[in-house]
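Residue-level listing of the chains:
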Amino acid sequence: MRPSCKQLGLVEYQPTWRAMQAWAAEQADDNSDQLWVLQHPPVFTMGQNADPVHLLNPGDIPVIDIDRGGQVTYHGPGQLVIYPLLTLEHYQLGVRSLVTLLEHSMIEVLATLGITAATKDGAPGVYVDGRKIGSIGLRIKNGRCYHGLSLNVDMDLQPFSLVNPCGFERLQMTQVINETRQETSFAEVSQKLERQLLENLESAASTL
């Protein structure tokens, strides 16, 4: 089982979210799973249980209440977003094991760039010495997953200071270009993470 990949470029958040919901409402089949690889213009998104107290001073950046788990986060150009639109039974994955797969895929790619990253108990995502570099937020409906992961690659991190990212006060954010000494590009990181996700999903599916 191997999802197809769609390179969407820089796309507005709201229509992309609605398209994910439409996908999740369709009848699942063996060929419907997809990875959407993209970037978003500046936007804050608030998860289903997000506390408005964490939205400190959003200014002119749009704020959208959405249906994933988690608190508030920021998306902007230079941040790699991948939405795995998956029927979980195709990969023998539950919610926790899918989160682990997404986290480890980011960690594995960062390692190829000389960046040592890790997970943190009680705080989903990927961290470099306590600084958050990758985030995860999912929605599971009728056994189908949408929303996904974001990896900070080469972006303006300042808007993260306008919120408590993921509901954590004073959480420091970082990005690939600040953590690696290697020459790299957004396209290279995107290609690497796409390949790693496909490999790990294929491996999960092969255990069925």
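This is a predicted model, so every value here is computed, not measured.

Run through the environment of Gly143, naming residues and quoting values.
Looking at the element boundaries, Gly143 is found in the loop between strand S9 (131–141) and strand S10 (144–152). Residue classification places Gly143 among the partly exposed residues on the basis of a relative accessible area of 32%. A sequence separation of 48 residues divides Gly143 from Val95, and the C-alpha atoms of the two residues are 9.6 Å apart. Excluding residues within four positions of it along the chain, Gly143 makes contact with Leu86, Thr87 and Leu88.

Any details on the packing of helix H2 (residues 95–112) against helix H4 (residues 186–205)? Residues and values, ideally.
One way to put it is that H2 packs onto H4 with a least axis distance of 9 Å and a crossing angle of 135°. Here H2 lies oblique to H4, going by the angle between them. Seen along the crossing, H2 lies across H4 with a hand that is right-handed. Touching Leu101, Leu102, Ser105, Met106, Glu108, Val109 and Thr112 of H2 are Lys192, Leu193, Gln196, Leu197, Asn200, Leu201 and Ala204, all from H4.

I'd like to hear about the pairing of S10, residue by residue, with values.
Counting buried residues along S10, nine of its nine residues qualify, which places the element largely inside the surrounding structure. Where strand S6 (residues 79–87) meets S10, six bridges bridge the pair, whose relative direction is antiparallel. The partner of Leu80 across the bridge, within S10, is Leu151. Following S9, the chain reverses through two residues before pairing antiparallel with S10; Asn142 in that reversal takes a positive phi of roughly 55°.

Account for the packing of aromatic side chains, naming residues and giving values.
Counting across every chain of the model gives two aromatic pairs. Look at Phe44 and Tyr74: their rings are 5.4 Å apart centre to centre, the planes differ by 55°, and that puts the pair in the tilted class. Of this pair, Phe44 sits in strand S3 (residues 43–46) while Tyr74 sits in strand S5 (residues 72–75); the two residues are 30 residues apart in sequence, bridging distant segments of the chain. Taken as a pair, Phe44 and Tyr74 share a single burial class, namely buried. Each ring, one from Tyr74 and one from Phe160, has its centre 5.4 Å from the other, and the planes form 80°; the classification is edge-to-face. Here the residue Tyr74 occupies a position in strand S5, and Phe160 occupies one in the loop between S10 and helix H3 (176–179), the gap between them amounting to 86 residues. Since its relative accessible area comes to 3%, Tyr74 is described here as buried. With a relative accessible area of 4%, Phe160 lands in the buried category. Cluster of aromatic residues (ring-pair linked, three or more members): Phe44, Tyr74 and Phe160. Between Arg18 and the ring centre of Trp17, over which it is positioned, the NZ or CZ distance is 4.0 Å. The lysine or arginine in question, Lys120, covers the ring of Tyr127, its NZ or CZ lying 4.3 Å from the ring centre.

Rules of the game
Counting of residues starts from 1 at the beginning of each chain's written sequence and follows it residue by residue. Where totals are concerned, whole chains, interfaces and linings use all residues; where local detail is concerned, this predicted model gives features only for residues with pLDDT of at least 70, and gives and counts side-chain atom pairs only at 80 or more. Calculated side-chain values reflect all of the structure's heavy atoms, with hydrogen atoms and water omitted. A run of H or I in DSSP becomes a helix once it reaches four residues, and a run of E becomes a strand once it reaches two; helices and strands are each numbered from the N terminus. For the exposure calls, accessible area comes from a 1.4 Å probe over protein chains only, and a residue counts as buried if that area is under 20% of its type's maximum, exposed if over 50%, partly exposed in between. Contact definition: two residues touch when any of their heavy atoms are within 4.5 Å. Fitting a line to C-alpha atoms yields each axis, with helices limited to the stretch in contact; the angle taken between N-to-C directions then spans 0 to 180 degrees. Roughly parallel means an angle under 35 degrees; roughly antiparallel means over 145; roughly perpendicular covers 65 to 115; every other angle is labelled oblique. Crossing handedness: left-handed means the near helix sits turned counterclockwise from the far one by under a right angle, and right-handed means the same turn made clockwise. Two strands form a pair only when DSSP identifies at least two bridges running between them. Any two of the Phe, Tyr and Trp rings considered here, Trp counted by its six-membered ring, make a pair once their centres fall within 6.5 Å; the pair's planes then place it as stacked at under 30 degrees, edge-to-face at over 60, or tilted in between. Only Lys NZ and Arg CZ are tested; either one counts as a charge over a ring when it is within 6 Å of the ring centre and within 35 degrees of the ring normal.

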